[in-house]
Amino acid sequence: MYPYIKMKQEDDMRKKRNMFIMFLAMVLVMSGCGKKNIDMETAGESMDYEEVGSTNTTNVGIALMENGFYYQNKYTQLMYYDYETDQVTYVCSKPNCKHDRMDSECDANINGDSFPMAFWNGRLYYTSDIPGNAFMKIALFSVKPDGSDRKEECAVAEIAIDATGYLVTVYKHYAATTYTVNDTHQRIELMDTDTGEKKVLYDKDDKLLYVDGPYFYYDYAYYSEKKFDKQGKKIAETLYRYNLKTKKKSKVHEQLMEAFTFTKGYLFFSDGKAINRIPLSGGKVEHLFDYKSNGDIRYDGQYLYIEHEHDYRSDVGDQQAKCDDHWVDVMKLDGTKVDTIKWNDRGYCLFGDQHVLLFDRVHGEDGVTKEWAMMKKSDIGGKHHFIDLANGKPLKEE
């Protein structure tokens, strides 16, 4: 494995896995007792689930809903944020429960390390890592919207304990596991949890290749294969998609891309110099506007959200210190900048859904995320108000 490619693989896996862990790191000290209960009759998929939910959150610890979202705190307890009341509650059906994280009877306590979640057919599905001696079991669980009636649905995958990295993605009744068998070998396994059928989408042992994904959009699983030269420079990239209904794979686009997303039937992508789009049904690449970016992009049907990751390094004695600045530019499709969003603590933006933007807040020398911040999209173009989801208190913009 060439050092740069190995570093790139580990960094990409780290970023995506950290997105999972970041959501686990919310510190919420309030009790759900006396709070508004989650209505099991009206809970359901967000009406924008396919557009802002699938590619945005199927591989992170959040499930977007019509009136709020599910997520996990640092103790892997299941939480719910309500847009109408601006309240955070423990997802627990037990009356007068103290929600102690060591209480096995509390519905909010989830076994193992849990990351991606999805709401489907009236139940919340999530995966949980259950370590073993030689292999780690990744199991799929489901609960009712109030946290009750927990069921272990099936085992999604078993991964060797010494695997160098993995990514789990949940979408409707599908679960995909991307993992590195060794430093040069990557595999994507897809499972239909309704039927138990498994399919290997990608399985290559090549030190010059790296696979990114999958990302689900409607009834397709998209993944990108990147090719590097011996010096570690990316020289080619191909985006594929797998049709979940017909079970056929096809090639979507070939071009070097810094980041991409799917919205309104288009593939939006940055090539590092400009923002472009191409119809997923086929057609020519449309240049939208010139823009240098090396971060993620999202489009919510109104604005493009373009994340910047400015890395700079400085030598401090024998050690090298690295700092990351992150901000998001809010753009129209004609290239007009609407806003630039910064925040006090450096961190990643998950872009959220049609209501909110979510940011992690990094604290401590260990770089472990302790808290999350949220900004309502109604603040775009005006004064920014950040809410600390750890304690409900406002934060100041940087």
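Scroll up a little and you will see the structure.
These lines cover the structure that appears in this document, whether it is placed above or below. Please read these numbers as outputs of a predicted model, since none were measured by experiment.

Here the focus is unusual backbone geometry. Here the bond from Gly-213 into Pro-214 is cis, since omega is 10°, no more than 30 degrees from zero. Turning to its location among the elements, Pro-214 is positioned in strand 13 (residues 209-217). Unusually for a residue other than glycine, Lys-247 sits at a positive phi of about 65°. Among the secondary structure elements, Lys-247 is positioned in the loop between strand 15 (234-243) and strand 16 (249-254).

To continue, consider the sheet that holds strand 15. Read from one edge to the other, the open sheet built from 4 strands follows the order 13-14-15-16, with strand pairing classed as antiparallel. Each edge of the open sheet is held by one strand with a lone partner, namely strand 13 and strand 16. With strand direction ignored, the average angle separating the axes of adjacent strands in the sheet is 25°. Two strands pair when backbone bridges link them, and strand 15 and strand 16 are joined in this way by 5 bridges, in the antiparallel orientation. Within strand 16, the residue paired with Tyr-240 across the bridge is Lys-251.

What follows covers the sheet that holds strand 12 (residues 198-205). Spatially, 4 strands are ordered 9-10-11-12 in an open sheet, and the strand pairing comes out antiparallel. With partners counted over all chains shown, the strands left at the sheet margins are strand 9 (166-171) and strand 12, one partner each. On average, each strand axis in the sheet is tilted by 10° relative to the strand beside it, whichever way the strands run. Relative to strand 10 (residues 174-180), strand 9 runs antiparallel, the two being bridged by 6 bridges. Pairing of Tyr-166 across the sheet is with Tyr-179, part of strand 10.

With that settled, the discussion passes to the packing of aromatic side chains. Counted under the stated rule, the structure contains 17 aromatic pairs. A ring pair is formed by Tyr-223 and Tyr-240, whose centres lie 5.7 Å apart and whose planes are at 25°; its orientation type is stacked. Residue Tyr-223 is located in strand 14 (residues 220-228), and its partner Tyr-240 is located in strand 15; the two are separated by 17 residues in the primary sequence. Side by side, Tyr-223 and Tyr-240 carry an identical accessibility label, which is buried. Of the aromatic side chains, those joined through ring pairs into one cluster are Tyr-215, Tyr-217, Tyr-218, Tyr-220, Tyr-222, Phe-260 and Phe-262. Over the aromatic face of Tyr-220 sits the side chain of Arg-241, whose NZ or CZ is 4.1 Å from the ring centroid. When the ring centre of Tyr-240 is taken as reference, the NZ or CZ atom of Lys-249 above it lies at 4.9 Å.

Cut-offs applied
Residues numbered from 1 in each chain as written. Predicted model: local features only at pLDDT ≥ 70, side-chain atom pairs only at ≥ 80, totals over all residues. Heavy atoms only, no water. Helix = DSSP H or I, 4+ residues; strand = E, 2+ residues; numbered from the N terminus. Pairing = 2+ DSSP bridges. Axes fitted to C-alpha atoms, helices over the stretch in contact; angles between N-to-C directions. Phe/Tyr/Trp six-rings, centres within 6.5 Å; stacked < 30°, edge-to-face > 60°. Buried < 20%, exposed > 50% of the residue type's maximum accessible area, 1.4 Å probe, protein only. Lys NZ or Arg CZ within 6 Å of the ring centre and 35° of its normal.

Just geometry here; none of it tells us what the structure is for.
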